[in-house]
Amino acid sequence: MECSGGPHGPKTSWLTDPDGYRIELVEWPPGHSDSLTEADFS
């Protein structure tokens, strides 16, 4: 699992399904809002 947002950011992991599609799994840190904001992409 990769910590792409630093120690307090989201954790991400990639997997590939049998058809070859890549799927990204994201675990948001506790307290993160239920919706994405512009700050999530900076």
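Values in this document were obtained by computation on a predicted structure and should not be read as measured data. (Residues numbered from 1 in each chain as written. Predicted model: local features only at pLDDT ≥ 70, side-chain atom pairs only at ≥ 80, totals over all residues. Heavy atoms only, no water.)

## Things to note about the overall build of the chain
To be explicit about the condition: The helix count covers DSSP runs of H or I at least four residues long, the strand count covers runs of E at least two residues long, and both are numbered beginning at the N terminus. By the convention used here, residues are in contact when the closest approach between their heavy atoms is within 4.5 Å. We get accessible surface area from the Shrake-Rupley algorithm with a probe of 1.4 Å; when it comes to residues, only the shown protein chains can shield them.
When helices and strands are counted, the chain shows 0 helices and 2 strands. For the chain, the proportion of contacts with a sequence separation of at least 24, taken over those separated by at least 6, is 3%. Of the roughly 3,700 Å² that the chain leaves accessible, carbon and sulfur atoms contribute 54%.

## Looking at the environment of Glu24
Put simply, the test is: Remark: exposure states derive from per-residue accessible area (1.4 Å probe, protein chains only) relative to the maximum for the residue type, with buried under 20%, exposed over 50%, and partly exposed in between.
Relative to the assigned elements, Glu24 resides in strand E2 (residues 22-27). Since its relative accessible area comes to 39%, Glu24 is described here as partly exposed. Put simply, Glu24 and Ser13 are 11 residues apart on the chain and 5.8 Å apart in space, counted from C-alpha to C-alpha. Excluding residues within four positions of it along the chain, Glu24 makes contact with Thr12, Ser13 and Trp14.

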